[in-house]
Amino acid sequence: MKHTCLFIILLFSIVTISIAQKTNIKIKWGDLTRGNKGSFVEKIIAGNNGDFYVKRVKESSITSFNVADKDKVRYTIQKYNDKLKKIATIDLHKALKGKQENIEDIFWHHNKLLMLTQHLNRSEKKYQLIIRKISADALSLKGDKQVVKEIDYDWTLGKPTLDYRISKDSTKLMLLYNLPNKRNNEEKIGYTILNKNLKKITERTLTIPIKDRFFEIEGYEVANSGEMVIWGSEFFNSNKTLTIIGKPNFQTCIFYTHPKKPDQLKQVTLKDEKLFINQMEMAFTNSNQLIGVGYYSEEDTESLKGTIYVKINKKEATLIMQQKNELSIEALTEGLSEAEGKRLKKRQTTGKSAELSNFVVDQLLLREDGGAILIAEEYFESNYSRSGTGFYAGPFGTNQRETVTNYHHNDILIINLNPNGKIDWTKKITKKQNSIDGGYYSSYKPAIIYDKLYLFYNDHAKNLFKENTDKKDRTYDLLLNNDAVFVMSVITPKGNLKKVKLFRAGESEVYMRPQTIQQVSANEILIYGDKQRKIRFGKIVF
């Protein structure tokens, strides 16, 4: 398949634009170029010295006459320098030609660009889990592959999944993979921990004392010391329904190891017969304490009433602390319309539980003092039916109707917890983003610059100046046009919020992709936007 190269539409060097508002921020733009047809940017990877790498994805056409091309995905890695100029490209489909390896992910670890792949060795009936180095300079496959793990092949149990986590200090790389298992057996998870030079430190198989059909993994992390934690939900029946007659049908189970005794798996269980404990996130602090933060609800798993904060005594496998905090009615109603606020307050005065719905935990940021910042976004999907717009539409078609999914990314909720697990402050950032493209230009990205929390997202311009209108409680829907604005919300350590308009889409000539944003240094944020086939990178410099 012919690879279409980028070409420049506008020829100019990097332009520096000062923000009109009173800030010390500058935006440096790269060239406006034309992207590869049929491909899109999936991921941006920060490298060294301001360089970065772009992972582009191209899916095979459904109209391809080559059956072997069906359902295949092709990946390309592009290298850009600190001047936002593309300087190298590698087509990984061609580089891996004949090797029959499926690409799982590409990431940066300790000055190395690494690629995880998976290969089925049919002659030996084994799956090989592989790490490959990509030359960060020339973008070529570097050296021999490193087979991290071989897993027996059993077609009845499917192929293993492969994922990774990197410790906070980047000295440990943990590869985690599920092992072939039958639903009536206990869950089995394998993991391998490598050092910064990719030398194996630990390799273990964990047998979780819960049958596979009753357990669902929710997350995992690795500590600087080499300890690991994995957590998930244990269901009380195999249907994995979240509620039974209005009560929780699950409990959160936390399993962790110790680097000196990696064969021993310790367990702590969070259970409450009345409360729904949802969306727990676990982390190792700078002092190597194991903490967890999540939500709780009195009604169901789709809403939240407050936060739950736990500290674990790793030696005794007990809870040192379990702190529950109910959100105040002021925090719950912040940013809501007058009518919505009244409904919540009425529920509280009539003895019902006042709760927020559809908030999903996205980020758990650790404070240096042992506290934590929990960030969640209101997210839900809705469906509607419309007349067919594809092959079957038109005067000679069947006029059959199609169901369309609308993806809603709305308000952002930030909760700041002190080291004792109590709420210092909460802040809600109102926005409305609805789309049918899966949220391509929706959602947000956080970053820590110096002592402040920054959140970047697209918004309707009127939402920044509602105080000057007679509709102060209305949140306007994002419209992707030249007047859409790219916004930076700044939150101080005391919880004060300021919204800054960075630029209009008409000025950048592209729509920004918030979820691809990367912090590439202590004071630089890399941004990316596209519009049809036009693409552009930029840097926000503080």
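Going by the structure above, here's the rest.
Bear in mind the structure is a predicted one, so any value in this text is a computation, not a measurement.

What counts as what
Residues numbered from 1 in each chain as written. Predicted model: local features only at pLDDT ≥ 70, side-chain atom pairs only at ≥ 80, totals over all residues. Heavy atoms only, no water. Phe/Tyr/Trp six-rings, centres within 6.5 Å; stacked < 30°, edge-to-face > 60°. Helix = DSSP H or I, 4+ residues; strand = E, 2+ residues; numbered from the N terminus. Buried < 20%, exposed > 50% of the residue type's maximum accessible area, 1.4 Å probe, protein only. Lys NZ or Arg CZ within 6 Å of the ring centre and 35° of its normal. Pairing = 2+ DSSP bridges. Salt bridge = Lys/Arg side-chain N within 4 Å of Asp/Glu carboxyl O. Axes fitted to C-alpha atoms, helices over the stretch in contact; angles between N-to-C directions.

A. Main features of the packing of aromatic side chains. Under the counting rule described, the total for this entry stands at 16 aromatic pairs. Seen from their ring centres, Tyr80 and Phe537 are 4.7 Å apart, and the 55° between their planes marks the pair as tilted. Of this pair, Tyr80 sits in strand S7 (residues 73–80) while Phe537 sits in strand S41 (residues 534–541), and the two are 457 residues apart along the sequence. On the basis of relative accessibility, which here comes to 4%, the residue Tyr80 falls in the buried class. The exposure class of Phe537 is buried, given its relative accessible area of 5%. Grouped by ring-pair contacts, the aromatic residues Trp29, Tyr454, Phe456, Phe486, Phe503 and Phe542 constitute a single cluster. Stacked on the ring of Tyr440, the Lys or Arg Arg513 has its end atom at 3.8 Å from the ring centre.

B. Representation of the pairing of strand S34 (residues 445–449) in the model. Extensive coverage of S34 is indicated by the burial of 4 of its 5 residues. Across 5 bridges, the pairing between S34 and strand S35 (residues 452–459) is antiparallel. Looking at the pairing, Ala447 lines up with Tyr454 of S35. In sequence, S34 turns back onto S35 through a hairpin of 2 residues, with Tyr450 there showing a positive phi of about 55°.

C. Examining the pattern of salt bridges more closely. Under the counting rule described, the total for this entry stands at 26 salt bridges. Between Arg132 and Glu101 there is a salt bridge, with the nearest N and O atoms lying 2.8 Å from each other. A residue pair is termed long-range when its members are at least 10 positions apart, and Arg132 in strand S11 (residues 126–134) and Glu101 in strand S9 (residues 101–109) qualify at 31 residues. Residue Arg132 is classed as buried on the basis of its relative accessible area of 7%. The exposure class of Glu101 is buried, given its relative accessible area of 10%. Several salt bridges share partner residues, and in doing so they unite Glu42, Lys43, Lys55 and Asp105 into one network.

D. Spotlight on the sheet that holds strand S16 (residues 200–211). Read from one edge to the other, the open sheet built from 4 strands follows the order S13-S14-S15-S16, with strand pairing classed as antiparallel. Each of the sheet's edge strands pairs with one partner strand only, and the pair in question is strand S13 (162–166) and S16. Strand-to-strand twist across the sheet, computed as the mean angle between neighbouring axes with direction ignored, equals 20°. As defined by bridge partners, S13 adjoins strand S14 (residues 173–178) across 5 bridges and the pair is classed as antiparallel. What sits directly across from Asp163, in S14, is Leu176.

E. Representation of the sheet that holds strand S36 (residues 485–491) in the model. Spatially, 4 strands are ordered S34-S35-S36-S37 in an open sheet, and the strand pairing comes out antiparallel. Looking along the sheet, the strands with just one partner apiece sit at the ends: S34 and strand S37 (497–504). If you compare each strand with its neighbour and ignore which way they point, the axes differ by 25° on average. Note that S36 and S37 share 7 bridges and pair antiparallel. Along S37, the bridge assignment pairs Val490 with Lys498.

F. Geometry of the environment of Lys462. For Lys462, the location among the structural elements is in the loop between S35 and S36. Assessed through its relative accessible area of 45%, Lys462 is described here as partly exposed. Taking C-alpha positions, Lys462 is 9.7 Å from Leu478, a pair spaced 16 residues apart along the chain.

G. Representation of unusual backbone geometry in the model. In this structure, Ala317 is a non-glycine residue whose phi angle is positive, near 55°. With respect to the secondary-structure elements, Ala317 resides in the loop between strand S26 (306–313) and strand S27 (318–326). Residue classification places Ala317 among the partly exposed positions, given a relative accessible area of 24%. The phi dihedral of Ser443 falls on the positive side, at around 70°, and the residue is not glycine. Positionally, Ser443 belongs in the loop between strand S33 (433–435) and S34.

All quantities given are derived from atomic positions and should not be read as evidence of function.
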